[in-house]
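Chain by chain, the residues run as shown.
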Amino acid sequence: MPLVTTTEMFEKAYKGGYAIGAFNVNNMEIVQGITEAAQELNAPLILQVSKGARQYANHTYLMKLVEAAVIETGLPIALHLDHGNSFELCKSCIDGGFTSVMIDASSKPFEENIALTRQVVDYAHDHGVVVEAELGTLAGIEDEVNVSAEDSSYTRPEDVQEFVQRTGCDSLAIAIGTSHGAYKFKPGTDPKLRLDILEEVEKRLPGFPIVLHGSSSVPQEFVKMINEYGGNMPGAIGIPEEQLRMAARMAVCKINIDSDLRLAMTASIRKYFAEHPDHFDPRQYLGPARDAIREMVKHKIKDVLGCDGKA
Ligand code: G3H
Ligand code: 13P
Ligand code: ZN
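Residues numbered from 1 in each chain as written. Chains lettered and ligands numbered in written order. Predicted model: local features only at pLDDT ≥ 70, side-chain atom pairs only at ≥ 80, totals over all residues. Heavy atoms only, no water.

Undergrad: Give a detailed account of the pairing of strand 2 (residues 45–50), specifying residues and quantitative values.
TA: Within strand 2, six of the six residues are buried, which leaves the element mostly enclosed by the surrounding structure. Residue alternation in strand 2 divides its side chains into two sets, Leu45, Leu47 and Val49 and Ile46, Gln48 and Ser50, and both sets are buried. For strand 1 (residues 20–24) and strand 2, the ladder comprises three bridges, and the chain directions are parallel. Residue pairing across strands places Phe23 opposite Leu47, the latter belonging to strand 2. For the segment spanning strand 1, helix 2 (residues 28–41) and strand 2, crossover handedness is right-handed. (Buried < 20%, exposed > 50% of the residue type's maximum accessible area, 1.4 Å probe, protein only. Helix = DSSP H or I, 4+ residues; strand = E, 2+ residues; numbered from the N terminus. Pairing = 2+ DSSP bridges. Right-handed = clockwise from strand over helix to strand, strands pointing away.)

Undergrad: Tell me about helix 4 (residues 59–73), and name the residues and values.
TA: Between its first and last C-alpha, helix 4 extends 21 Å over 15 residues, near the 21 Å set by a 1.5 Å rise per residue. Along helix 4, the positions that sit buried rather than exposed are His59, Leu62, Met63, Val66, Ala69, Val70 and Thr73. One face of helix 4 carries all of its buried residues, which in axial projection span an arc of 120 degrees. Residues of helix 4 that are exposed and point more than 90 degrees away from the buried face comprise Tyr61, Ile71 and Glu72. Packed against the buried residues of helix 4 are helix 2, strand 2, helix 3 (51–57), strand 3 (77–84) and helix 5 (87–95). Sitting at the amino-terminal end of helix 4 is Asn58, which places a side-chain oxygen 2.7 Å from the backbone nitrogen of Thr60. Following helix 4 by one or two positions, Gly74 has its phi on the positive side, about 70 degrees. (Expected span 1.5 Å × (residues − 1). Arc of directions from axis to C-beta. Contact = heavy atoms within 4.5 Å. Polar contact = N/O pair within 3.5 Å; in protein donor to acceptor, adjacent residues only side chain to side chain.)

Undergrad: Report on the coordination of the zinc ion (ligand 3), specifying residues and quantitative values.
TA: Here the zinc ion (ligand 3) is held by the protein donor atoms His83 (NE2), His180 (NE2) and His213 (ND1), which lie 2.1 Å from it. Positions of the donor residues of the zinc ion (ligand 3) along the chain correspond to the pattern H-x96-H-x32-H. Of this pair, His83 sits in strand 3 while His180 sits in the loop between strand 8 (171–174) and helix 8 (195–204); the two residues are 97 residues apart in sequence, bridging distant segments of the chain. (Donors = N, O, S within 2.8 Å, 3.2 Å for Na, K, Ca; no water.)

Undergrad: Give me the state of the cysteines: which residues, what numbers.
TA: Following the criterion strictly, the structure yields zero disulfides and no others. Unpaired in this structure, Cys93 has its nearest cysteine sulfur neighbour in Cys90, at a distance of 7.0 Å. Given the relative accessible area of 0%, Cys93 is considered buried. Sulfur of Cys169: no disulfide; nearest cysteine sulfur belongs to Cys90 and is 13 Å away. For Cys169, a relative accessible area of 4% gives the class buried. (Disulfide = S-S within 2.5 Å.)

Undergrad: Could you give an account of empty space enclosed by the protein, with specific residues and numbers?
TA: Counted under the stated rule, the structure contains one cavity of 30 Å³ or more. Size it by volume and the largest cavity reaches roughly 30 Å³. Looking at the lining of the largest cavity, its residues break down into three nonpolar, four polar and three charged. (1 Å grid on protein atoms, 1.4 Å probe; cavity = no way out; pocket = protein on both sides within 12 Å on 5 of 7 lines; lining within 4 Å. Points joined across faces, edges and corners; volume = space filled by probe spheres on them. Nonpolar A, V, L, I, M, F, W, Y, C, P; charged D, E, K, R; others polar.)

Undergrad: Provide a residue-level description of the nonpolar core, including the pertinent values.
TA: Ile34, Ile77, Val101, Leu172, Leu198, Ile210 and Val297 are the most contacted members of the largest nonpolar core, which totals 104 residues. Broken down by element, the residue count for this core peaks at 10 residues, all from helix 12 (residues 282–305). When near neighbours in sequence (up to four residues on either side) are disregarded, Val297 contacts Phe23, Ile34, Ala37 and Leu261. (Core = buried A, V, L, I, M, F, W, Y, C linked by side-chain atoms within 4.5 Å.)

Undergrad: With reference to specific residues and values, describe the site of ligand 2.
TA: Around ligand 2 sit 16 residues in total, of which Asp82, Lys184, Ser216, Asp258 and Ser259 are the nearest. At 2.7 Å from an oxygen atom of ligand 2 is found a main-chain nitrogen or oxygen belonging to Gly214. At the level of secondary structure, the elements contributing two or more residues to the shell around ligand 2 comprise strand 3 and strand 10 (252–257). (Near = heavy atom within 4 Å.)

Have a look at this one:
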């Protein structure tokens, strides 16, 4: 099976009340850990590449790693550009074989967001590629952009119909209280997503797939391990998994996870070096890191997203 778009995945996910995991990939071990988990659980998958990942690892290397994962697993896998910030970047990924792109013009005024998104949609649809757009602004850090909590803003449900109609986008990322990175909330708070906004959006766009960015739950077992083995990440807190489960049962069809992969990998490598200070073969520490990613992704697929057995 070749790489697929997200169209069929999202149709099934919407009807079935579950979500597809969109995991960020930067190297071979990350691709393998994620895809081994999905294969074990027969889950559809979105592998996504940020602008920074593409700069780090190179478009062709990432493309070929993902193609290898398709061959090895036989799963429906979509290859998606995460947070594309220009028409040129989106075009380059479309021309280079991605099956889905995000144009993130969410920091621009409404009309500019619409114009740029429309331009990407026209080109993408001509090439059989689907487009995710964003309305509302998440807090946190992505590539060079750092949005403070004060500058973030929830999506206005009254805007979504016009936005989707005028842009022709295939899915919409909304801001309901998630944020990028490992420090999402203040310690001691009881984080809640604005599921009421999601509900309002769903009413206005029945059947339309919604995307949640910034959805790492920052498992405390990893934070503890990192702190125990020489790291320093006090106060790292994520989205409660129960909140994500509820969103997945609603209109959310794609849930983005990157920070949890980084934490799983870093915790494993820190532990390995603390216990084996004399080792220096990368396979010895990257192998367990890949295993840690696999186990974490299995948990997400089964216990949070609910897409196990849906490939
Ligand atoms: O939302 C951003 C993702 O976590 C990608 O992060 O731009 O550092 O690759 P990155
Ligand atoms: P996290 O930082 O919560 O993993 O979010 C990742 C993301 O939204 C990628 O686009
Ligand atoms: Zn994101």
